[in-house]
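# Observations on the three-dimensional arrangement
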Amino acid sequence: MQKIKQRSPKQFSRKYAHWVLLAPSLLFLAMVMGYPLLRGLQLSFTETNSLTPTMSKGVGFKNYQNLFQSPGFVASLVVTIKYAVSSVVGALGLGLATALLMNRTAKGKYFIRAAITLPWAAPPIAVALIFTWMFNPQYGVINAGLHALKIVPKETHWLDSPTLALPSLVFVTVWMTFPLTSLILLAALQSVSKELYEAAKIDGAGTFNLFRYVTFPFMKPTIYVMTLLLSIWALRRFDLIWVLTQGGPVDSTTTMVVRLFRESFEFGNLGYGATIGTVGFVLSVLCTVFYFLAARRVEESTR
Amino acid sequence: MERRSRYGVIAASVLIGLSSLSPIAAEAAVTKITYSNWQFAEPGRGDALRAIVDQFNATHSTIKVEPVSIPYASYATTVLTQMGAKSGPDVVTLDYDVMVKAQAAGLVADITGKVITPTSGFAAYDSKFIVDGKRYGIPWQSTGYALICNKALLAAAGAKFPTTFEEFVATVKATTKGTDQYGFAMRNTTPQEGGWWYDLSNWTYGFGGAWTDSKGNPTINSAENLKGVTEYAKFYDAKYIPQGADATTYRRMTWEGKVACNIDNGSVPTIFSDSNPAIKANLQIGKTPFPVAKNAQILIGTSLNAASNKQAASVKFLNWMLQATMQKKIQAAMGAEAIATKILPPAALLKDKPWLKTYAKLADNGVLVLPAGAELKTAEIRKAVIAQVDKVLRSNLSPKDALDAAQAEVKTILGK
Amino acid sequence: MKKLIGKVSITSFTILIAFIAIFPIYWMFTTSLLPTSKMFKAVPQLYPNFGTSGGYNNLFEVLNLGLWLKNTAFIAAGCTLTSLLMGIFAAYAISRRRFRAKGFVGFIMFATQMLPEALLLIPLYALFIKLGLINSLYGLIVANTAFVMPITVWILKGAIDNVPYEIEEAATIDGCSIFKIQRLIIWPLIAPSIVASSVMAFFHAWNEYLLATTFILDPDKRVASTGLATLIGELATPLDRVMSAAMIYTLPPLIFFLLIQKRIVSGLASGSVKG
């Protein structure tokens, strides 16, 4: 009995083994993400020019004051929220529909699975290149097709129209993200127990009620996780937007990340750029906190 | 225990390995210098420029020049960020407005006295690279803008090569046939802000405008600029141009015979004829068809990165390029009417590219697109003006309100 | 009758989804095999010009595509390896061990996903200069790993959660070390998830653009995403050529994802379903 109290080296290492296991990844993240993040925060309280980054001077909360007073920032915040919400809703909606569809058809399932791998696997830069051409107002295939179907007038503008640029961007985003969403939702869908299903069917539940009372509650946690992930990705997305529109026209697709990039790299205002980045980061954190609170509520209610 | 330590060692060595892996500096007898120029990324001219670098490398055993090609759209941003962080290429070719910014921030090296004045003498704009008696670069190339038309398309529409603005409007109108053919093309989209600024400046300059007055006060909403922007917007609204097309697209369209006229710089006819030799005979080139003989001028220079520790080798490279034989070669390769030195295009080149004579003749009309007296804020002013013009084209803002708003914004930018 | 309507609507919806998913890639292929002279038509030609080599002709000589792809693959492989090596141990610790800071560690891993790359770019750039990682493929491996590894941890943790603890307990009593348990018991059981996270890591690095465009200067070290972006010049690269290059860049992830898609999804799903 007494022997147990005595700490042998082996027991010691057992006790702290998790830190040994975690050390490489945590140290690595601290170096490559933690340190730059802190430096970024620090930058946001300074006036620093990218041409002369060593001549930085502290300005307190001035950048934040300017930011919240600038109409451009509010506009880009609105664009960001519009973009994030619609692309998340779009990906979830289309993803769920596709997942339900795959769950229904045995033959179609493999076909759809193979088909939706394409948008999922294609690199964003390649996607941006082809969509730029497809959206071309004069010779683009999208206009040709939609005009032939009498849906849009001839020479409709997409990426260069202040009203349609953001929806076009959302379309491309949904196109890229719905496959993964649907595949993960399908996995969740298939974990719904068959007995539960049968029991509900015997009770006379219709298709809609089956979905509402049996399937949906089961999938809720997965839907929540996907919502969170899709939102965070949307808040961060840069390459696609940059290559497709660079925030234009008339700033109609200038999200916070685009603004951050322009401010930091085109105008060289590193301090102000870092301020935008910090605010964006805080927004993401808020999203996550909101998610965890909501997830906890769901967990409690399903228990 | 054994196993445990083995995994520990693997994990640790990966970490150590990662943090200490620095590129092995090739400190052999050969000094490697990097030379960045967006023209490397261009079809045709990129290869020609690479061949010039290859020639340098072939004739020098101790210095090796490596081309760095960054596309124009992201060039200034990328290079300036790198130079600001005390890294980046050793030799950099920069647009003049970018050079001015870099010089003010101390990012380009003072090379006073190191450059051997070429036998033929520097071109006149060389003085632009000397600030307070110190040299911060050498001119690389300069070109103005001219009207480039496809003779065949004009003839088919019964239109003539325009010399006045009224004729220009008539010609463009006559040669526009919906999406089958456009009378004109110009930049009008956000991702092309840089080029858009040159295009727009041609219109405002052409109606006698300027972005600032002689004292550096902004004159964005002057009557002349208003006239230029108004006419520019009319062209857009009338669909004389392929709306939304970027330069890459409409240039392709031009060499495929889908666009009658462009206003573009001296290197563009070369691109057209390289891409489609059949169009060469149809190119007719003359003065921009605006009332005032003033057009945008591109000035490009080559400087040394102040953070580079290979100045000596870099200077050698610059001086090698300034030799008369190399200047001739560069001129031919780049299809440029004006380069660093006063050398005029040789007869053979003029025969091959007759438009160079026209561009050279128009050289006196050229005005830089940097707002005089506010050169350092060119990027910010450009952004403010273009954003408003964007609204004129796409949000039904009147040109007058747009330029008034831009003027107010520019005043704030300049603190006036 | 009702059944028939259901069947028809299911089939048409299936076709619609497949069409939307496939068409842009099909269009990339079509454009890559279309001469520029046929591109500017109000009614586009809907099929490629088979029998010509289109933009693929001399593609590897005209563009440095081979080199770009080689560099991209190198970075992607390096990123996958380092992410796995670090991630697998972290995942085990978070899944199996009980310690006070666990929630916090989990949060840190997740928080990395919220950071906009553009915010980190400048400080990271300054740091990499000090470490000599600028203009180096290793630097890109390091940077990409930071963004990818947490996803690896997340997927693997979910997988380990699903391995019944009892299996391990027996081994623990037998006196196996934690590392031995992982190697002999856990790793084989979560192999599908390891494959899944590897593929995710590989192609995250394969696709990455922002870091690559900022950190790599030397054209010899350029990766495919930035290389392709250079083709969107102010001047003109023929579109069939651009699309040919895009097609070749898109093919590897396409083939790979098609081959082992099921494994990726089951790996991801076991991570995400459990949260």
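Residues numbered from 1 in each chain as written. Chains lettered and ligands numbered in written order. Predicted model: local features only at pLDDT ≥ 70, side-chain atom pairs only at ≥ 80, totals over all residues. Heavy atoms only, no water.

## A word on the interface of chain B and chain C
Quick reminder of the rule: Contact criterion: two residues are considered in contact whenever any of their non-hydrogen atoms come within 4.5 Å of each other. The term buried area refers to how much accessible surface (probe radius 1.4 Å) is lost by two components on association, counted for both of them together. Put simply, a salt bridge is a Lys or Arg side-chain nitrogen that is within 4 Å of an Asp or Glu carboxyl oxygen. Here a polar contact is taken to be a pair of N or O atoms separated by no more than 3.5 Å, where protein atoms must pair a possible hydrogen donor with a possible acceptor and residues adjacent in sequence count only if both atoms sit in side chains. Secondary structure is summarised from DSSP: a helix means a run of H or I of at least four residues, a strand means a run of E of at least two, and numbering begins at the N terminus for each. Throughout, the ten residues Ala, Val, Leu, Ile, Met, Phe, Trp, Tyr, Cys and Pro are labelled nonpolar, Asp, Glu, Lys and Arg are labelled charged, and all others, Gly among them, are labelled polar.
With 40 residues of chain B at the interface, the matching set in chain C holds 37 residues. Where chain B abuts chain C, roughly 3700 Å² becomes buried across the two surfaces, and 64% of that area is made up of carbon and sulfur atoms. Counting the contacts that link chain B with chain C gives zero salt bridges. Connecting chain B to chain C are three residue pairs in polar contact (both at pLDDT 80 or more). For the side of chain B that touches chain C, the secondary structure elements donating two or more residues are helix H1 (2-20), strand S2 (63-68), helix H3 (72-84) and helix H9 (247-255) of chain B. For the side of chain B that touches chain C, the residue count by class is 18 nonpolar, 13 polar and nine charged.

## Observations concerning the pattern of salt bridges
Charged atoms that come close allow side chains of opposite charge to pair. Selection rule: Classification of residues uses two cut-offs on accessible area relative to the type maximum, computed with a 1.4 Å probe and protein chains only: under 20% is buried, over 50% is exposed, and between them is partly exposed.
Enumeration over the complete set of coordinates arrives at 21 salt bridges over all chains. For Lys57 of chain A, the salt bridge is made with Glu47 of chain A, and the minimal N-O distance between the two is 3.5 Å. Linking Lys57 of chain A in strand S2 (residues 52-58) with Glu47 of chain A in strand S1 (residues 46-49), this pair joins segments that are 10 residues apart in sequence. Note that Arg187 of chain B and Asp199 of chain B form a salt bridge whose closest N and O atoms lie 3.1 Å from each other. Highlighted residues: Arg187 of chain B in the loop between strand S7 (182-185) and helix H7 (193-206) and Asp199 of chain B in helix H7, separated in sequence by 12 residues. The exposure class assigned to Arg187 of chain B is buried, which follows from its relative accessible area of 4%. When salt bridges with common partners are traced through the structure, they connect Arg262 and Glu266 of chain A together with Glu193 and Arg382 of chain B into a single cluster.

## Looking at the domain arrangement of chain C
Often, the extent of an interface is quoted as the loss of accessible area on bringing the components together. All names here are of chain C. For clarity, the cut-off: Throughout, the edges of the domains are those of an automatic or database domain assignment.
Its domain assignment divides chain C into domain 1 (1-52) and domain 2 (59-270). On the side of domain 2, seven residues touch domain 1, which itself brings eight residues to the contact. For the pair domain 1 and domain 2, the interface holds zero salt bridges. On inspection of domain 1 and its partner domain 2, the count reaches zero residue pairs in polar contact (both at pLDDT 80 or more). Here the residues of the side of domain 1 that touches domain 2 sort into six nonpolar, two polar and no charged.

## Some words on the confidence of the model for chain B
All names here are of chain B. Note the following rule: You can read pLDDT as the predictor saying how much it trusts each residue, on a scale of 0 to 100.
Residue-level pLDDT values for chain B average 88, and 93% of them are 70 or greater. Low confidence marks residues 1-6, where pLDDT is under 50. Its contacts with residues over four positions away, or in another chain, come to five contacts. Between residues 8-27, whose pLDDT stays under 50, and residues either more than four places distant or in other chains, the model counts 21 contacts.

## Quick notes on the environment of Glu166 of chain B
Looking at the secondary structure, you find Glu166 of chain B in helix H6 (residues 165-175). Along the backbone, Glu166 of chain B and Leu368 of chain B are 202 residues apart, and their C-alpha atoms lie at a distance of 26 Å.

## So, the nonpolar core
The test is simple: Side-chain atoms within 4.5 Å are what join buried Ala, Val, Leu, Ile, Met, Phe, Trp, Tyr and Cys residues into a set we call a nonpolar core.
Grouped together as the largest cluster of nonpolar side chains are 201 residues, with contacts concentrated most on Trp120 and Phe131 of chain A together with Phe128, Phe215 and Ile264 of chain C. Looking at which element gives the most residues to this core, the answer is helix H6 (residues 137-161) of chain C, with 16 residues. Once residues lying within four places of it in the same chain are set aside, the contact partners of Ile264 of chain C are Trp120 of chain A together with Ala196, Val199, Met200 and Phe257 of chain C. Counting 106 residues, the second largest nonpolar core, distinct from the first, contains Ile33, Val53 and Leu368 of chain B together with Leu217 of chain C.

## Thoughts on the interface of chain C and chain A
Residue-level contacts link 91 residues of chain C with 87 residues of chain A. For the pair chain C and chain A, the two sides together bury roughly 8000 Å², of which 83% comes from carbon and sulfur. For the chain C face of the interface with chain A, the top three residues by lost area are Met114, Leu119 and Gln261 of chain C, together amounting to 8%. At the boundary of chain C and chain A, one finds one salt bridge. Here Glu117 of chain C makes a salt bridge to Arg236 of chain A, at a shortest N to O gap of 2.9 Å. Counting across the chain C and chain A interface gives five residue pairs in polar contact (both at pLDDT 80 or more). Of the residues assigned to the side of chain C that touches chain A, the class counts are 71 nonpolar, 15 polar and five charged.

## Concerning the packing of helix H9 (residues 194-202) of chain A against helix H10 (residues 207-236) of chain A
All names here are of chain A. Keep this limit in mind: To get an axis, fit a line to the C-alpha atoms, keeping to the stretch in contact for a helix; angles then go from 0 to 180 degrees between the N-to-C directions. Helix crossings fall into two classes, left-handed where the near helix is turned counterclockwise from the far one by less than a right angle and right-handed where it is turned clockwise.
Between H9 and H10, the shortest axis-to-axis distance is 10 Å and the interhelical angle comes to 145°. Between H9 and H10 lies a crossing of right-handed hand. Of the residues in H10, those in contact with Leu196, Tyr197, Ala200 and Lys201 of H9 are Leu210, Val214 and Thr215.

## Points about the UniProt feature "transmembrane region" (unreviewed entry) in chain C
Put simply, the rule is: UniProt positions are given in the numbering used here, feature names are shortened, and annotations may be inferred rather than shown by experiment.
UniProt tags residues 12-29, 73-92, 104-125, 137-156, 184-206 and 242-260 of chain C as "transmembrane region" (unreviewed entry). What you have in residues 137-156 of chain C is 100% helix and 0% strand, and the ends, taken at the C-alpha atoms, are 26 Å apart.

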